[in-house]
Amino acid sequence: MKIPDWLGQPATMTGCVCCDVSRGSFLNKTLGGLQAFFVETVFLEAEAAKDGLLQRVDPRVKVSALAGLLVLLSLNHALAPLIIVYAVILGLAVASRLDMTKFLKRTVGPAIFFSFAIILPATLNIVTPGRAALVLLSPAKLTVTYPGLEFASVFWLRALTMLTATILILRTTRIHRLFSALAALRAPNFAVSTLLMAYRYVFVLVGLIGNTHLARKSRTIKLGADGVERRWVAERIAWTLNRSLRMSDDVTDAMISRGWTGRYARLPGSPLTGNDWLAAGIAATAGAALIAVII
Amino acid sequence: MSAARGPLFELRGVSYAYPGGRAALDKVDLDIAEGARLAILGANGSGKSTLLKLIDGLIFPAAGALQAFGRTIDEQALEEVNFNAYFRRRVAFVFQDSDIQLFSPTVFDEVAFGPLQLDISPEAAARRADDVLEMLDLSPLRDRQPHQLSGGEKKKVAIAAVLAIGPDVLLLDEPTNNLDPRTRAWLLDLLLELGRAGKTIILATQDLDMAADFADAVVILNEGHQIAAAGPAMLLADTELLVAVNLLHEHWHRHGRTAHSHTHSHLAAHEHEHLPAE
């Protein structure tokens, strides 16, 4: 084998290394995003594995209680029960030893972002008539009304409480046990298996994308024009999609090879412990109390 | 090669082409005896993985015929519920890419997946999974998720997952790829033990050392996707053949002032004597 002359020469450097300027790179941003995904996953796994109150409760009990709570909250139109339930949920989060700063950031922020924009018009007298709390446009008689504010408060607090309860269950349950609980509670096996496999292969594909970007980064001497870089990203997206399709064929082969014929058999869940029954009893009692308040 | 106890698999004139017409196998004739320890060798793209997939009934010959357990293996045969269950119970496949094979949320679920497809109770399937995990010293990984495993651990779990079915025939595609020496030695010991227990083991590999240590018979595919040679493991001593099928490489190199040529595999360390420098 004969290597060309230029390959035998030491690497040449043009330009000045001591007066460089940095430029934000899409490669670094993507790699940072992928890294954040893995960090977040490890964090969630660690939270779900803590020795906290809700982590000790069987996921079937938690999912059933959550489903019941969501139904009851959607039937409630008063502010006081919502405040009490929200306080209880925060108490449970503390007892489950969650990182409360991150927990509140993940719940209050989205609740504000998604529900405020929807509910703000309902505070106005043209949607909810009533006594004016704030005059916005005097000649046009556009006001924020007290009934409108009360309606908006209930709506927003309900959204916040529902979201917080759901995130609490997600954070205190390992994800595969959560899916297994759904299956045990008669969710269609096909749907649960699809969710589990999607969750499983997200990691494989994210790893694959990460390695592709690292390979590109290791050979990137200078970034091309934005259009060129965008084209590269688009090509990688198509490549990843293609790869995931091929992978799904291979996974199906692997399943068939081990006797799968389309039937999703499942392992039996372990029986509920005394603590699980106690938790179920407390949840049922709290639910009954909430029904009494709502009625 | 001929079978002492009658062939378990018989391939006659088997050809296969990928969609688009690219040939993967061309007129392959092969008998595989029950209890054989067979290594299928060949360079990249010679058709080793395709041959294993054909033997596992995941794809079917475009021409020729494949028989297993006295029956022709085609789509029709494997659509029969009873025969499919019989075949899948007896033949297991360890894929080259462990990530493909580890599709369940935890190690335990993965190992229990196969037994759950059998006609045994879920409790018995769970016990079987635990037995295999214990046998392979994988119990500490029981509740781990596949993405939390190292490459070697993934391979071990993939093997545990197929052993839990209790197969008679084990197909392994490039099983030593990316394994560290200790895991490779573990795998070799396991395969030899399974071979002594009477299992038929067929592995596709480019690892000549693994083939020499493990196999009692070899099939060598050439780059024309045909069988270049098939017979006892002593074929691995035929360096001319191995160079011809691109499994060995011959080149010149120099030690001190001594320049010489010899053949070697690119997958393993090699030793040779050197004449003293003149």
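Above this text is the structure in question.
Since the model is a prediction, treat every value here as computed from it, not as a measurement.

K.L.:
Summarise the overall build of chain A; cite the residues concerned and give the values.
P.N.:
Counting its secondary structure elements, chain A contains ten helices and two strands. The helix and strand sequence of chain A, counted from the amino end, reads α-α-α-α-α-β-β-α-α-α-α-α. By the compact-globule yardstick of 19 Å for 295 residues, chain A is too spread out, its C-alpha radius of gyration being 27 Å. Along the first, second and third principal axes, the C-alpha set of chain A runs to 90 × 65 × 35 Å.

K.L.:
So what about empty space enclosed by the protein? Which residues, and what values?
P.N.:
Counting across every chain of the model gives one cavity of 30 Å³ or more. Taken as a whole, the largest cavity holds about 40 Å³ of empty space. For the largest cavity, the full set of lining residues is Leu 196, Tyr 199, Arg 200 and Phe 203 of chain A together with Pro 105, Gln 145, Pro 146 and His 147 of chain B. For the lining of the largest cavity, the residue count by class is five nonpolar, two polar and one charged.

K.L.:
A description of the packing of helix α7 (residues 175-184) of chain A against helix α8 (residues 189-218) of chain A should follow, citing residues and the corresponding values.
P.N.:
Residue and element names in this part refer to chain A. Orientation of α7 relative to α8, taken along the N-to-C sense of each, is 170°, at an axis distance of 9 Å. Comparing their axes, α8 and α7 come out roughly antiparallel. Taken together, the residues of α8 that come into contact with α7 (itself represented by Ile 175, His 176, Phe 179, Leu 182 and Ala 183) are Asn 189, Val 192, Leu 195, Leu 196 and Tyr 199.

K.L.:
Talk me through helix α9 (residues 226-257) of chain A; I want residue IDs and the actual numbers.
P.N.:
Residues and elements named next belong to chain A. Here α9 spans 46 Å end to end across 32 residues, near enough to the 46 Å set by a 1.5 Å rise per residue. Listing the buried residues of α9 in full gives Glu 229, Trp 232, Thr 240, Ser 244, Met 247, Val 251, Asp 253, Ala 254, Met 255 and Ser 257. Gly 259 sits one or two residues past α9 and shows a positive phi near 95°.

K.L.:
Which residues make up the environment of Glu 153 of chain B, and what are the values?
P.N.:
Along the chain, the position of Glu 153 of chain B falls in helix α7 (residues 151-163). Once the C-alpha coordinates of Glu 153 of chain B and Leu 179 of chain B are considered, the two residues, 26 residues apart in sequence, prove to be 9.5 Å apart.

K.L.:
Could you give an account of the sheet that holds strand β2 (residues 23-33) of chain B, naming the residues involved and the relevant values?
P.N.:
Residues and elements named next belong to chain B. Across the sheet, four strands lie side by side as β2-β1-β4-β5; this open sheet has antiparallel pairing. Of all the strands in the sheet, the pair left with one neighbour each is β2 and β5 (71-72). Bridge analysis of strand β1 (residues 7-17) against strand β4 (residues 63-68) gives five bridges, and the strand direction is antiparallel. Bridge pairing links Glu 10 to Gln 67 in β4.

K.L.:
Could you give an account of a nonpolar patch on the surface, naming the residues involved and the relevant values?
P.N.:
Residues and elements named next belong to chain A. Together, Ile 3, Trp 6 and Leu 7 make up a nonpolar patch on the protein surface, roughly 370 Å² of accessible area in all. Looking at the element boundaries, Trp 6 is found in helix α1 (residues 5-8). In this structure Trp 6 comes out as exposed when scored by relative accessible area, which is 64%.

K.L.:
Tell me about unusual backbone geometry, and name the residues and values.
P.N.:
Of note, the phi angle at Arg 97 of chain A is positive, near 60°, even though the residue is not glycine. Mapping Arg 97 of chain A onto the fold places it in the loop between α4 (79-95) and α5 (100-119). We note that Lys 27 of chain B has phi near 50°; this positive angle belongs to a residue other than glycine. Looking at the element boundaries, Lys 27 of chain B is found in strand β2. Take Lys 27 of chain B: its relative accessible area is 58%, and that puts it in the exposed class.

K.L.:
Go over the interface of chain A and chain B, please, and point to the residues and values.
P.N.:
Contact residues are listed per partner, giving 27 residues for chain A and 35 residues for chain B. Summed over both sides, the interface between chain A and chain B buries roughly 2700 Å², with carbon and sulfur atoms accounting for 59% of that surface. For chain A, the biggest contributors to the area lost against chain B are Arg 200, Arg 258 and Leu 267 of chain A; these three give 31% of the whole. Linking chain A with chain B are two salt bridges. Its salt-bridge partner being Arg 200 of chain A, residue Asp 99 of chain B comes within 2.8 Å of it at the nearest N-O pair. Across the contact surface, chain A and chain B share ten residue pairs in polar contact (both at pLDDT 80 or more).

K.L.:
Break down the packing of aromatic side chains for me, with residues and values.
P.N.:
Residue and element names in this part refer to chain B. If you walk through the whole model with that rule in mind, you get eleven aromatic pairs over all chains. Connected via pairs of aromatic rings, a cluster forms that spans Phe 9, Phe 69, Phe 83, Tyr 86 and Phe 87. Sitting over the face of the ring of Trp 186, Lys 156 holds its NZ or CZ atom 4.9 Å from the ring centroid.

K.L.:
Summarise the pairing of strand β8 (residues 200-205) of chain B; cite the residues concerned and give the values.
P.N.:
Residues and elements named next belong to chain B. Taken across its six residues, β8 has six buried, putting it largely inside the fold. The two faces of β8 match: Thr 200, Ile 202 and Ala 204 on one face and Ile 201, Leu 203 and Thr 205 on the other face are all buried. Of the strand pairs in this sheet, strand β3 (residues 37-42) and β8 are connected by five bridges, and their pairing is parallel. Pairing of Ala 39 across the sheet is with Leu 203, part of β8.

K.L.:
Got a sec to walk through the pairing of strand β9 (residues 217-221) of chain B? Specific residues and values, please.
P.N.:
All names here are of chain B. Counting buried positions over the five residues of β9 gives five, a clear majority of the element. Across the two faces of β9 the burial is the same, with Ala 217, Val 219 and Leu 221 and Val 218 and Ile 220 all buried. Taken together, the five bridges between β3 and β9 define a ladder with parallel strand orientation. Residue pairing across strands places Ile 40 opposite Val 219, the latter belonging to β9.

Reading the values: the criteria
Residues numbered from 1 in each chain as written. Chains lettered and ligands numbered in written order. Predicted model: local features only at pLDDT ≥ 70, side-chain atom pairs only at ≥ 80, totals over all residues. Heavy atoms only, no water. Helix = DSSP H or I, 4+ residues; strand = E, 2+ residues; numbered from the N terminus. Rg over C-alpha atoms; globule rule 2.2 N^0.38 Å. 1 Å grid on protein atoms, 1.4 Å probe; cavity = no way out; pocket = protein on both sides within 12 Å on 5 of 7 lines; lining within 4 Å. Points joined across faces, edges and corners; volume = space filled by probe spheres on them. Nonpolar A, V, L, I, M, F, W, Y, C, P; charged D, E, K, R; others polar. Axes fitted to C-alpha atoms, helices over the stretch in contact; angles between N-to-C directions. Parallel < 35°, antiparallel > 145°, perpendicular 65-115°, else oblique. Contact = heavy atoms within 4.5 Å. Expected span 1.5 Å × (residues − 1). Buried < 20%, exposed > 50% of the residue type's maximum accessible area, 1.4 Å probe, protein only. Pairing = 2+ DSSP bridges. Patch = residues over 30% accessible without salt bridge, like charges linked within 9 Å, V, L, I, M, F, W, Y side chains within 5 Å. Areas by Shrake-Rupley, 256 points an atom, 1.4 Å probe, with all protein chains shown as cover. Salt bridge = Lys/Arg side-chain N within 4 Å of Asp/Glu carboxyl O. Buried area = accessible area lost by both parts, 1.4 Å probe. Polar contact = N/O pair within 3.5 Å; in protein donor to acceptor, adjacent residues only side chain to side chain. Phe/Tyr/Trp six-rings, centres within 6.5 Å; stacked < 30°, edge-to-face > 60°. Lys NZ or Arg CZ within 6 Å of the ring centre and 35° of its normal.

What is shown is where atoms sit, not what they do.
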